[in-house]
Amino acid sequence: MQAELVRSTALPGGGDGPSGSLRTTGTSAVALTFDDGPSPVWTPKVLALLKRYHLHATFCLIGEQVKEYPKLVARIVAGGHTLCNHSWDHDEFMYQRSTTYIRSELTRTDKAIRKAAPGATVRYYRQPGGNWSKRIVRVSRQLGMAPLDWSVDPSDWKRPPASSIVANVKSNTGHGSIVLMHDGGGDRSHTYAALRTLLPYLSRRYDLIRL
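Residues numbered from 1 in each chain as written. Predicted model: local features only at pLDDT ≥ 70, side-chain atom pairs only at ≥ 80, totals over all residues. Heavy atoms only, no water.

> What is the right way to look at the environment of A117 in this model?
Within the secondary structure layout, A117 lies in the loop between α4 (99-116) and β4 (122-125). On the accessibility criterion, A117 (6% relative accessible area) is buried. Sequence spacing of A117 and P70 is 47 residues, and the spatial spacing of their C-alpha atoms is 7.7 Å. Beyond its immediate stretch of four places on either side in the chain, A117 contacts V73 and V77. (Helix = DSSP H or I, 4+ residues; strand = E, 2+ residues; numbered from the N terminus. Buried < 20%, exposed > 50% of the residue type's maximum accessible area, 1.4 Å probe, protein only. Contact = heavy atoms within 4.5 Å.)

Structure, rendered in structure tokens:
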């Protein structure tokens, strides 16, 4: 069953994640999030699978990938999914950078997304590697993006067997969970295989929402 989380124009308050980022949906619903895309190979497959089960998710986009594959960003928006800024080049050490650098990374990515999908709203920012700092959280909020972390991480980027991804998500997901997975950043065949099992399983047990 699908339930949409209605947000006001105001950003959510401080979360319970690192440096005040958001680790839960704030409701009993569960949110699926996908990082490091768009990928010309795996993003369309993930989008098609979500459509098959009438589900929506949040896609955390890398600026360089957005610039390379802008039509995929438009497809994500057309599918009714939520957009999330995931930095320009997946800088996991941004917590060591200056405020000027952080703002430039986030703004550059935001502009690329809006160019690819004019009029689209970028509601969230997710720090690569989850390496948050108060400075990153502050800048993202100043730019109108809530800092988005996660509570379930099957480490699918390491390409474990699909069965391991499925088992991890099943055992760790509960009401309010934000699940981290990847549609970009490499070979996501194991993630895709896992989703074929997880999407019907999760949708039977939880309200799956786009943030």
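Right, picking up where we left off after that structure.
> Explanation requested: the UniProt feature "domain: NodB homology" (unreviewed entry) in the protein chain in the structure shown.
As annotated by UniProt and renumbered to match this structure, "domain: NodB homology" (unreviewed entry) occupies residues 28-211. Helix makes up 44% of residues 28-211 and strand 16%, and the two end C-alpha atoms of the span are 13 Å apart. (UniProt positions renumbered as here; feature names shortened; annotations may be inferred.)

> For this particular structure, what's the right way to read helix α6 (residues 162-172)?
Three- or four-residue spacings in an α-helix give side chains the same orientation, since the helix completes a turn every 3.6 residues. Among the residues making up α6, those that are buried are I165, V166 and V169. Projected onto a plane normal to the axis of α6, the buried residues spread over an arc of 100° and lie on a single side. Exposed residues pointing more than 90 degrees away from the buried face of α6 are listed as S163 and S171. On its buried face, α6 is in contact with β6 (178-182) and α7 (189-205). (Arc of directions from axis to C-beta.)

> Even after reading the chapter, I still don't get helix α5 (residues 134-142), so can you show me in this structure?
Residues of α5 that are buried include every one of I136, V137, V139 and S140, and no others. One side of α5 carries all its buried residues, which in axial view fall inside an arc of 165°. Turning to α5, the residues buried within the fold contact α4, β4 and β5 (146-147). At the exit of α5 stands G144, carrying a positive phi of roughly 85°.

> Just checking my understanding: could you explain unusual backbone geometry for this structure?
Only a minority of non-glycine residues have a phi that is not negative, and only a minority of peptide bonds are not trans. Residue P38 is reached from G37 by a cis peptide bond, and omega for that bond is 5°. If you trace the backbone, P38 turns up in the loop between β1 (30-37) and α1 (42-52). Of note in the backbone geometry, S87 takes a positive phi value of approximately 80° without being a glycine. Mapping S87 onto the fold places it in the loop between β3 (82-85) and α4. A relative accessible area of 0% places S87 in the buried class.

> Would you mind going over the pairing of β1 with me for this structure?
Looking along a regular strand, one sees the side chains alternate between the two faces of the sheet. Across the 8 residues of β1, 8 count as buried, placing the element largely inside the fold. Where β1 meets strand β7 (residues 208-209), 2 bridges bridge the pair, whose relative direction is parallel. Each residue of the ladder has a partner; that of A31, found in β7, is I209. Inspection of the sheet shows β1 paired to β6 by 5 bridges, in the parallel sense. For A31, the partnering residue across the bridge sits in β6 and is I178. Note: β1 against strand β2 (residues 58-61), 4 bridges, orientation parallel. Within β2, the residue paired with T33 across the bridge is T58. (Pairing = 2+ DSSP bridges.)

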